[in-house]
Amino acid sequence: MHLIVGLGNPGAEYAAHRHNIGFLAVDEIARQHSFPPFRQKFSALVSEGVIDGEKIMLIKPQTFMNRSGDSVAQAAQFYKLAPADISVIHDELDLAPGKVRVKTGGGNGGHNGLRSIESHLGKDFVRIRLGIGHPGHKDRVHSHVLSNFHKAENEWLEPLLDALAKNAALIAKGDAAALMNKLALALPTASKSEADKSAPKAQSHVRQARPSTPQTKLPESGPMADMLKKLFGKKD
């Protein structure tokens, strides 16, 4: 059994918050792999299934973020699981939107959900950090994480969650490098329209090769003008 824990806050008012990206990820895994409906257990919503031969329990703690460790510890104790058998999907301020890092252990970066889980299990569980970006100032962090994803963010959010669900077996197998590679490949590059805005207007390779020289205005009077008129004739 491998536990995949998605972190978030329960309740419809929090459902689309950046802080709930862990819940969104777990929901997408359950949907793509036809897991049974979530049920109440371990102070959480849980669902069990098999992906590529790997038995997986999905967990969404219903204790609010700062007590996420209560439900994770209950499940771990019931199934006699080690921290290495637990992967936690959570939002990460210090990663650009859509970027992913997977590692075992490490700090909690002030994340209340991770801090709660560490208090029960120690640090040696797997962290799947999904970047949501930083608002730029610490005073805006709270409102940033507890606000809905903007519509434009679906450009990276939807492909990220889709790829994470498709490759959920790699989480259970502990193949962090392969998982990060799959997720990186799934993220969209800048749209063509955005590239067109920033790119200079296209020129033929011949014109690009010509040196750019400023046009010189020809004199209209004086000795030089008289000489040019004799050479080329006077224009009508």
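Position labels on residues start from 1 in each chain and follow its written sequence. Restriction of local features to residues with pLDDT of at least 70 applies here, the model being predicted, together with a cutoff of 80 or more for giving and counting side-chain atom pairs; totals for whole chains, interfaces and linings are based on all residues. Computation of side-chain values: all heavy atoms of the structure, hydrogens and water removed.

Thoughts on the UniProt feature "binding site: tRNA" (unreviewed entry) in the protein
UniProt positions are given in the numbering used here, feature names are shortened, and annotations may be inferred rather than shown by experiment. UniProt records the feature "binding site: tRNA" (unreviewed entry) at Tyr14, Phe64, Asn66 and Asn112, using the numbering of this structure. Strands are runs of DSSP state E lasting at least 2 residues, helices are runs of H or I lasting at least 4, and numbering of each runs from the N terminus. Looking at where Tyr14 falls in the secondary structure, it is placed in the loop between strand 1 (2-6) and helix 1 (21-32). Residue Tyr14 is classed as partly exposed on the basis of its relative accessible area of 23%. Those residues in contact with Tyr14, other than ones at most four positions away along the chain, are Asn9, Asn20 and Phe64. Tracing the sequence through the fold places Asn112 in helix 3 (residues 112-121). The cut-offs for exposure are 20% and 50% of the maximum accessible area for each residue type, with area from a 1.4 Å probe on protein chains only; residues under the lower value are buried, those over the upper are exposed, and the others partly exposed. With a relative accessible area of 37%, Asn112 lands in the partly exposed category. Those residues within four positions of Asn112 in sequence are excluded, and the remaining contacts are Met65 and Asn66. Any pair of residues with heavy atoms lying within 4.5 Å of one another is described as a contacting pair.

So, the packing of aromatic side chains
Classification of ring pairs rests on two measures: the distance between centres of Phe, Tyr or Trp rings, Trp counted by its six-membered ring, which must be within 6.5 Å, and the angle between planes, read as stacked under 30 degrees, edge-to-face over 60 and tilted in between. Scanning the entire structure with this criterion turns up five aromatic pairs. Their ring planes at 85° and their centres at 6.0 Å tell us that Tyr14 and Phe64 sit as a pair that is edge-to-face. One end of the pair, Tyr14, is in the loop between strand 1 and helix 1; the other, Phe64, is in the loop between strand 4 (54-61) and helix 2 (68-79), with 50 residues separating them in the sequence. Here the aromatic cluster, defined as three or more aromatic residues joined through ring pairs, consists of Phe42, Phe78 and Tyr79. Between Lys60 and the ring centre of Phe38, over which it is positioned, the NZ or CZ distance is 4.5 Å. Geometrically, a lysine NZ or arginine CZ counts as sitting over a ring once it is within 6 Å of the ring centre and also within 35 degrees of the ring normal. Against the face of Phe125 rests Arg127, its NZ or CZ located 4.2 Å from the ring centre.

Comments concerning the UniProt feature "site: Discriminates between blocked and unblocked aminoacyl-tRNA" (unreviewed entry) in the protein
The feature "site: Discriminates between blocked and unblocked aminoacyl-tRNA" (unreviewed entry), as annotated in UniProt, sits at Asn9 in this numbering. By the secondary structure assignment, Asn9 is in the loop between strand 1 and helix 1. If near-sequence neighbours (up to four positions away) are discounted, Asn9 is found in contact with Tyr14, His19, Asn20, Phe23, Phe64, Met65 and Leu146.

Remarks on the confidence of the model for the protein
Scored by pLDDT, the protein has a mean of 85; 80% of the residues are at 70 or more. Scored from 0 to 100, pLDDT reflects the predictor's confidence in each residue. The model gives residues 190-214 a pLDDT under 50, and that stretch makes one contact with residues more than four places away or in other chains.

A short note on the pairing of strand 1
When you tally the buried positions in strand 1, you get five out of five residues, the bulk of the element. Burial along strand 1 is two-sided: the face carrying His2, Ile4 and Gly6 and the face carrying Leu3 and Val5 are both buried. With four bridges joining them, strand 1 and strand 4 adopt parallel strand pairing. Considered in strand 4, the bridge of Val5 is made with Ile59. Strands pair, by our definition, only if DSSP identifies at least two bridges between them.

Description of helix 1
To estimate the expected span of a helix, subtract one from its residue number and multiply by 1.5 Å. With 12 residues, helix 1 should reach 16 Å at 1.5 Å per residue; the first-to-last C-alpha distance of 17 Å fits that figure. When we look at burial in helix 1, the residues that qualify are Ile21, Gly22, Phe23, Ala25, Val26, Glu28, Ile29 and Ala30. Ser34 sits one or two residues past helix 1 and shows a positive phi near 55°.

A word on unusual backbone geometry
The phi dihedral of Phe42 is positive, around 55°, even though this residue is not glycine. With respect to the helices, strands and loops of the structure, Phe42 is situated in the loop between strand 2 (39-41) and strand 3 (44-51). Accessibility expressed as a relative area gives 10% for Phe42, which makes it buried. Positive phi is not limited to glycine here, since Asp52 has a value of about 50°.

Remarks on the pattern of salt bridges
The term salt bridge refers to a pairing of a side-chain nitrogen on Lys or Arg with a carboxyl oxygen on Asp or Glu at a separation within 4 Å. Applying the stated criterion to the full structure yields nine salt bridges. For Glu48, the salt bridge is made with Arg39, and the minimal N-O distance between the two is 3.2 Å. The class for Glu48 is partly exposed, based on a relative accessible area of 22%. Within this structure, Glu118, Lys123 and Arg127 form a network of salt bridges that share partners.

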